[in-house]
Amino acid sequence: SQFWYPYVKKELEKLGIEVITKNMPDPDLARKEFWLPFIEEQTHGDEQTILIGHSSGAVAILRYLETHKIEGAVILGVCYTNLGDGKEKVSGYYDEPWQWEKIKQNS
């Protein structure tokens, strides 16, 4: 799944788009308490940001969009429940109801 990241980065940079790729903190549990502040720190709240995420990264983007306006998002392999998986449950992304209208307005 991670093998497509370098390709996307290269192709976006060919178009003159600045691309930031960094390892996420807390990669095993992907907890919201670490990932959402990290995304905010990396984007500096810039509304011209386009976020791309897969799996837990895509879920984090959806939660980020509840409180931030950005240019757009590309999300792959995303779910809106913890699917009964204990590891997903501890991530914290599924503790609160989704704010779909806020996500729609902010992307």
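Residues numbered from 1 in each chain as written. Predicted model: local features only at pLDDT ≥ 70, side-chain atom pairs only at ≥ 80, totals over all residues. Heavy atoms only, no water.

Visitor: I'm lost on helix 3 (residues 56–65) in this one. Help?
Guide: Residues that lie three or four places apart on an α-helix share one face, since the helix turns once every 3.6 residues. Where burial is concerned, most of helix 3 is hidden: 10 out of the 10 residues are buried. The complete set of buried residues in helix 3 reads Ser-56, Gly-57, Ala-58, Val-59, Ala-60, Ile-61, Leu-62, Arg-63, Tyr-64 and Leu-65. (Buried < 20%, exposed > 50% of the residue type's maximum accessible area, 1.4 Å probe, protein only. Helix = DSSP H or I, 4+ residues; strand = E, 2+ residues; numbered from the N terminus.)

Visitor: What should I look at first to understand unusual backbone geometry in this one?
Guide: One non-glycine residue, Asp-26, lies in positive phi territory at about 55 degrees. With respect to the element layout, Asp-26 can be found in the loop between helix 1 (5–14) and helix 2 (32–43). Positive phi, close to 55 degrees, is recorded for His-44, a residue that is not glycine. Counting through the fold element by element, His-44 comes out in the loop between helix 2 and strand 1 (50–54). Residue His-44 is classed as exposed on the basis of its relative accessible area of 71%.

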